[in-house]
Amino acid sequence: MTEGAALRAGDVPDDLTAAEAGMWQAFRNGTVYDLTSGDAVVDDPHGGHPWGPERTVRARIVCWLLLDGPPALAGRVSSLKLSGVRISDTMDLSGGTVVPYVELTGCRFEREVRLPEARFSTVRLVNCSVPRLEAARVHTEGDLHLPRSRFLGGMRLTDAHIGTDLLLNQAIVYRDRSGRSIAGDGMTVGQDLQAELLESHGEMSLRGATVGVSLSLRGARLRNPYGRLALNAPQLTVERTLYLTPAGVGSLQLSGRTPAQGTRIQRFECQGGLRLDDGRFGDAVDFDGARLVLDDDQELSLRRVQVPELRFLGDGPQRGKVVLSGARVVNLVDRASSWPGPGRLHMPGFTYENLVPQGPFPLAERLEWVAAATAEYNPDPYERLASVLRAGGEDEDAREVLLAKQRRRRETLPPAAKFWGYAQDWTVAYGYRPGRAAVWMAVLWAAGSLAFAYAGRPEAAGGSAAKPPWNPALFALDLLLPVIDLGHAGGWQLRGGWQWLGAAMILLGWVLATTVAAGATRLLSRN
C-alpha cells in the first residue's frame, strides 16, 4: 500500500515517532493528546525543565495533520488538541486552509509559529511558550485565543481578520527587532478584543484597527522603555467601550464583574506614551483608576477623538502632556486630581457638552484647569466652559468664567488698553456684574452732593434767563449722567478748583456709562 493510500485509510505512517503516532491517533479520534507528567514544575512550558523526545513532535507532522490529515474515525470529528507537547522546528502554515479545530494547552514551541494568510475556524493556544507568532492577514471564522501564553519575540497580526473574539488575557509579549510587542495595524475583530492583565514589553501598535464590540485592557501593564509609545493606536475604531481600568487578579471573571472579596486589584498601567488620535468609540473611553507614567517628551494624545463619554478618572501624570486638541465628547466625567498641571494640558478645539465631575471640583479649580490648558491666552476653553455651565443652569458660574476670560485677555494687551480693562473690571467687572455701576454711581452722587453743598451756591451761567433753583444733589446728578440733561449743569458756573471736581465727575460718568454699555452689549450678544 502506498503512503497516500495509507493516509486515506488512516493508517499511521511508518516514519512517525511514538509521540507523533499517539498524536496521529488522537487527531482521528478528536480527543486531547496529553503528555503532561503531573508535576507542575516539570510541566511549566515557560520553565527551564527540559522536555525530551517522549514529549516532542515535529512541526512538519503537526502541519501535515492540519492541512491534509487522515479521516476521522467513524462517529468522530477530527481535531488537534495537545497538552504538554514540545513542537520542534518551525510550524509554518502560511497560506493554508485549516479545517480541524485547533487547541494547544501548555505546549512549548521551539521556533516561531508562522500563520500569514492562513485560514482557520478557531485557534486556541493557551498557556503556551512561543518564540514568535507571525500571523499577518490570518483569517479565522471563530476565535483566536492566546491567553496566558508568552511570546518572546512579539506577535504580528497586521491586517488579521478575527471572526469573533481575540483573547490575550494574561499573555506576556516581548518586543521584536523593530521594537513592537504586538503589531495589529489594520486588524479587524468581529466582537471583543480582551487583553486583560496583559504584559506588553515594547510598543503595542493597533493603528487603524477595528473592534466590533469592546476593547478591554483592564489591569494591563504596557511598558516601552525603548521608545516613545507604549500604546500606538491612532484611527482605532471600537463600536462600544475602550476599558483602561483595573481588573481583579486571580478572579475567574475578569471582564467588568465585581471581584470577590479579598481579590487583589491590579490597575491599568502605561509606562510610555499613549496615542489614540482620530479614534472613534461608540460608548466610552474609560480611564478610571488608570496610572500613566510618562517622560517629559511623552504624551497621552487624544487628538480629534470622538466619543460619547470620556471617563478621565485616573491618576494625574506627574510628567508628560495630556493633549485633547480637537476632541469631541458629549459627557466629560472627570476628577480634579486626574488632570496635569500648567503647561502640560493642551485642549484647543476640545468640545464637550456636559460636565460630570466625580468628587469635589469647585469652580476655582475648574478655572485653574482651563488656565493650565492655555499657556498663551485662548478664549475657546473659557467660552466652551461657560456655554456648558449656562446650559446646565449655572448662569452665575458662567459669568465668573467669562470674567476670568477677560482678565486673562487683559494681560496680553498694551498699557493703555490694559488700563481701560482695569477700569472696566473695577467698575462693572466687564459688564458681568452690572450692579457695581449703581453702587459707584450712588457713591459718586453722594460725594458730589456733599461737596457742592459745602461749596455753596455757584454763580449763575451768563445769559441764562430761566435758571432752576440751586440744588447740589441734582447738580451732581446732572454732571454724572452724560446723556440725560436735567437742566442744572448748564445753569450754574463753577469757579476755581470746583471746576476740576465737575470735570472729574463728568469723566467718571462717561466711564461708567461706557462700561455699562459694553457690558449690556456683551450680555445681549450672549443671549
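An account of the accompanying structure is given in this report. (Residues numbered from 1 in each chain as written. Predicted model: local features only at pLDDT ≥ 70, side-chain atom pairs only at ≥ 80, totals over all residues. Heavy atoms only, no water.)

Helix and strand counts for the protein come out as eleven helices and 45 strands. For the protein, the proportion of its 527 residues judged to be buried stands at 47%. Working note: accessible area of the protein is about 24,100 Å², and carbon and sulfur atoms make up 52% of it. (Helix = DSSP H or I, 4+ residues; strand = E, 2+ residues; numbered from the N terminus. Buried < 20%, exposed > 50% of the residue type's maximum accessible area, 1.4 Å probe, protein only. Areas by Shrake-Rupley, 256 points an atom, 1.4 Å probe, with all protein chains shown as cover.)

What is expected of a backbone is that most residues other than glycine have negative phi and most peptide bonds are trans. Located in the positive-phi region is Arg148, a residue other than glycine, with phi close to 60°. Considering the arrangement of structural elements, one finds Arg148 in the loop between strand 14 (144–145) and strand 15 (150–151). Even without a glycine there, the phi angle at Arg304 is positive, about 60°. Summarising the element assignment, Arg304 is placed in the loop between strand 38 (299–301) and strand 39 (306–312). In this structure Arg304 comes out as partly exposed when scored by relative accessible area, which is 40%.

For the rest of this paragraph, the subject is the packing of aromatic side chains. All chains considered together, the criterion is met by six aromatic pairs. The interplanar angle of 55° and the centroid separation of 5.7 Å between the aromatic rings of Phe287 and Phe312 together place this pair among those described as tilted. Here Phe287, found in the loop between strand 36 (284–286) and strand 37 (291–293), pairs with Phe312, found in strand 39; they are 25 residues apart in sequence, far enough to count as distant. A centroid spacing of 5.5 Å and a plane angle of 55° characterise the contact between Trp339 and Trp369, whose relative ring orientation is tilted. Highlighted residues: Trp339 in the loop between strand 41 (328–334) and strand 42 (345–346) and Trp369 in helix 5 (residues 363–372), separated in sequence by 30 residues. (Phe/Tyr/Trp six-rings, centres within 6.5 Å; stacked < 30°, edge-to-face > 60°.)

Right, let's talk about the sheet that holds strand 34 (residues 273–275) for a bit. Taken in spatial order, the eleven strands make up an open sheet running 5-8-12-16-20-24-28-34-38-40-42, and their pairing is parallel. Across the chains shown, the open sheet's two edge strands, defined by having one partner strand only, are strand 5 (91–92) and strand 42. Looking at chain direction, strand 24 (residues 203–205) and strand 28 (residues 229–232) are connected through two bridges and run parallel. The partner of Met204 across the bridge, within strand 28, is Leu231. (Pairing = 2+ DSSP bridges.)

In terms of burial, strand 3 (residues 79–83) is largely enclosed, as four of its five residues are buried. Pairing analysis gives three bridges linking strand 1 (residues 32–34) to strand 3, with the strands arranged parallel. In the sheet register, Asp34 faces strand 3, and the bridge partner there is Ser83. Bridge count between strand 3 and strand 6 (residues 101–105): five bridges; the pairing is parallel. Across the sheet, the residue bridging to Leu80 is Val102, located in strand 6.

For the rest of this paragraph, the subject is the packing of helix 5 against helix 6 (residues 379–391). A pair of packed helices is characterised by two quantities: the angle between their axes and the separation of those axes. Running from N to C, helix 5 and helix 6 cross one another at 145°; their axes reach a closest spacing of 9 Å. As helix 5 runs across helix 6, the sense of the crossing is right-handed. On helix 6, the residues that touch Leu363, Arg366, Val370 and Ala371 of helix 5 are Pro381, Tyr382, Leu385 and Leu389. The residue makeup of the contact of helix 5 with helix 6, split by class, is seven nonpolar, no polar and one charged. (Axes fitted to C-alpha atoms, helices over the stretch in contact; angles between N-to-C directions. Left-handed = near helix turned anticlockwise from the far one by under 90°. Contact = heavy atoms within 4.5 Å. Nonpolar A, V, L, I, M, F, W, Y, C, P; charged D, E, K, R; others polar.)

What follows concerns the state of the cysteines. The full count for this structure, using the stated rule, is zero disulfides. In this structure Cys107 is a free cysteine whose sulfur lies 4.8 Å from that of Cys128, the closest cysteine sulfur available. Classification of Cys107 as buried rests on a relative accessible area of 0%. (Disulfide = S-S within 2.5 Å.)

On to the side chain of Glu309. Secondary-structure assignment places Glu309 in strand 39. Among the polar contacts made by the side chain of Glu309, one reaches the side chain of Arg311 at a distance of 2.6 Å. (Polar contact = N/O pair within 3.5 Å; in protein donor to acceptor, adjacent residues only side chain to side chain.)

Time to look at the pairing of strand 10 (residues 123–126). Taken residue by residue, a regular strand's side chains alternate between the two faces of the sheet. Looking at chain direction, strand 6 and strand 10 are connected through four bridges and run parallel. Looking at strand 10, one finds that Thr105 is bridged to Val126. One ladder, built from two bridges, connects strand 10 with strand 14; its direction is parallel. Along strand 14, the bridge assignment pairs Arg124 with His145.

Turning our attention to the pattern of salt bridges. This model, assessed by the stated rule, comprises 28 salt bridges. Put simply, Asp295 and Arg319 hold a salt bridge, and the shortest N to O gap is 4.0 Å. Taken together, the residues span a long stretch of sequence, with Asp295 in the loop between strand 37 and strand 38 and Arg319 in the loop between strand 39 and strand 40 (321–323) at a distance of 24 residues. Residues participating in the shared-partner salt-bridge network are Arg132, Glu134, Arg156 and Asp176. (Salt bridge = Lys/Arg side-chain N within 4 Å of Asp/Glu carboxyl O.)

Our focus in this paragraph is helix 5. The complete set of buried residues in helix 5 reads Arg366, Leu367, Trp369, Val370 and Ala372. The elements touched by buried residues of helix 5 are strand 41, strand 42, strand 43 (351–357), helix 6 and helix 7 (395–410).

Ranked by size, the top nonpolar core spans 108 residues in total, and within it Leu104, Leu198, Phe268, Leu276 and Phe287 carry the most contacts. Among the elements that take part in this core, helix 4 (residues 59–68) stands out by supplying seven residues, more than any other. Here Phe268 is in contact with Leu217, Gly219, Ala220, Leu222, Leu244, Thr245, Pro246, Leu274, Gly289, Ala290, Arg291 and Leu292, once residues within four sequence places are set aside. (Core = buried A, V, L, I, M, F, W, Y, C linked by side-chain atoms within 4.5 Å.)

Across its 13 residues, helix 6 extends 18 Å between first and last C-alpha, which sits within 8% of the 18 Å expected from 1.5 Å per residue. Taken together, the buried positions of helix 6 are Pro381, Tyr382, Leu385, Ala386, Val388 and Leu389. Looking straight down helix 6, one finds that the buried residues subtend no more than 165° of arc, so they occupy a single side. The secondary structure elements touched by the buried residues of helix 6 are strand 43, helix 5 and helix 7. One side-chain oxygen at the N-terminal end of helix 6 lies 3.1 Å from the backbone nitrogen of Asp380; it belongs to Asn378. Note on helix 6: the residue one or two positions beyond its end, Gly393, has a positive phi of about 85°. (Expected span 1.5 Å × (residues − 1). Arc of directions from axis to C-beta.)

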